[in-house]
Structure formats: C-alpha cells, structure tokens
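The lines below spell out each chain.
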Amino acid sequence: MSTQQRERLDLAAYNESAQSGPCFICRIVNGTHEHEHPVIYRDEHTIAFLNRFPTVLGYVLVAPVKHLERVISDFTVDSYLAVQKVIHHVGRAVESVLPTERLYVLSLGSQQGNAHVHWHLAPLPPGVPYERQQFQALMTESTGGYLAQSESEQRDLADRISAAIPPF
C-alpha cells in the first residue's frame, strides 16, 4: 500500500452516521455536506467524487444524482448502462493518472446504511502483496486507516483525474 500518513477511522461513529444520518451522497449532490468531496465528474444524472476515507490513492465513488437504492431494479437498462459508461470513463481516467495494477469496481451499501446506490472505483497500486489485495485493500481495519490528504491535495488529484476523463 502507500507509505503516506494514515489516520484511523472511528468505525462506530461512521456506522452510526451511515445508518441514522441523512444520505451522504444526497448532501454532496445538493452541496450541504459538511466536508468537501472533490467532484471529478457531474452531469444531470451522475456524479463522481473522491472518497473521503480512501484506503488507496484515487479512490472514487460514482453515484446517480437521484436518490436510488437498488443496484438493478431502480434502473432501466438504459439508465444503468449510462451510469456504467461514466464508471468506465472515470475508471480510464483514474488508471491514466495513477499506477494501477487492478481497478476494483464494486457497489457496496445496503438498505440499512449508505442506501444511495454508488459504485466504488479503487485503483490497487502495483506491488501490493496478494494477501493485502481485494477486500483487504479497501478496509481501513486492514490498511491501518485511510490516507491522510489535505484539501489541496484532494482537489489537485480530483482535477488531474477530471482532466484525464476521455470524451463521451
């Protein structure tokens, strides 16, 4: 993983917020979230932004702007494919900006917490030992915490990824 400074995540507080707080993605979409989440891409239907608690550099979340909760049944085929097209373009940009052995793309969350459908795009850096890859690379408990980045570092990274998004 990275030798960059890491910070511990208060998992109890995080889980409490995810399960009982207002939707964090809706707050990012409408600009009321108390923390900056640098946006990489946004159109009328989809938003992509940097993960606030990244375990790997360049960890991005992609979500529909509209609050949807079911990964398949809340989408038509066309709307699902439109989000996947954004995921593909943003993923290509992430891979062009950061050394990436494998780009993990998965949807997490549940009706019990972080219900707004979103996809995680996490670029695994080259050279990570196999036993620290896959889910281990995404969990703050396994990585020693999330990467500590200043707001200016986050904005710079978001700008670099945004500039690398290929044309649609």
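Please read all numbers here as calculations on a predicted model, not as lab measurements.

1. Thoughts on the pairing of strand E2 (residues 39-42)
The pairing of E2 with strand E3 (residues 46-50) spans 3 bridges and is antiparallel. Bridge pairing in E3 places valine 39 opposite phenylalanine 49.

2. Regarding the layout of surface pockets
Rolled over the atoms, a probe sized like a water molecule indicates the empty space that remains. Its volume calculated, the largest pocket comes out at about 1100 Å³. In this structure, the largest pocket is lined by 40 residues; those nearest its centre are Leu9, Tyr14, Ala18, Phe53 and Asn114. Within the residue set of the lining of the largest pocket, elements represented by two or more residues are helix H1 (11-20), helix H2 (24-29), helix H4 (135-138) and helix H5 (140-143). Considering each element in turn, the lining of the largest pocket owes the most residues, 7 residues, to H1. When its residues are assigned to classes, the lining of the largest pocket shows 17 nonpolar, 18 polar and 5 charged.

3. Observations regarding the pattern of salt bridges
Close approach of charged atoms lets side chains of opposite charge pair. For the structure on display, the rule yields 4 salt bridges. The shortest N-O distance in the salt bridge between arginine 27 and glutamate 34 comes to 2.7 Å. The class for glutamate 34 is exposed, based on a relative accessible area of 55%. Where glutamate 151 meets arginine 155, a salt bridge forms, and the shortest distance between an N and an O atom there is 3.6 Å. In this pair, glutamate 151 and arginine 155 both sit in helix H6 (residues 151-163), 4 residues apart, roughly one turn of the helix. We classify arginine 155 as partly exposed; its relative accessible area is 35%. Each of the salt bridges in this network shares a partner with another, and the network as a whole consists of Glu36, Glu151 and Arg155.

4. A word on unusual backbone geometry
Backbone phi values are negative for most residues with the exception of glycine, while trans is the configuration of most peptide bonds. Its identity as a non-glycine residue notwithstanding, asparagine 114 has a phi of 50°, on the positive side. Tracing the chain through its elements places asparagine 114 in the loop between strand E5 (102-107) and strand E6 (119-124). Residue asparagine 114 is classed as buried on the basis of its relative accessible area of 17%. Phi angles above zero are rare outside glycine, and glutamine 134 is one such case at about 55°.

Rules used throughout
- Residues numbered from 1 in each chain as written.
- Predicted model: local features only at pLDDT ≥ 70, side-chain atom pairs only at ≥ 80, totals over all residues.
- Heavy atoms only, no water.
- Pairing = 2+ DSSP bridges.
- Helix = DSSP H or I, 4+ residues; strand = E, 2+ residues; numbered from the N terminus.
- 1 Å grid on protein atoms, 1.4 Å probe; cavity = no way out; pocket = protein on both sides within 12 Å on 5 of 7 lines; lining within 4 Å.
- Points joined across faces, edges and corners; volume = space filled by probe spheres on them.
- Nonpolar A, V, L, I, M, F, W, Y, C, P; charged D, E, K, R; others polar.
- Salt bridge = Lys/Arg side-chain N within 4 Å of Asp/Glu carboxyl O.
- Buried < 20%, exposed > 50% of the residue type's maximum accessible area, 1.4 Å probe, protein only.

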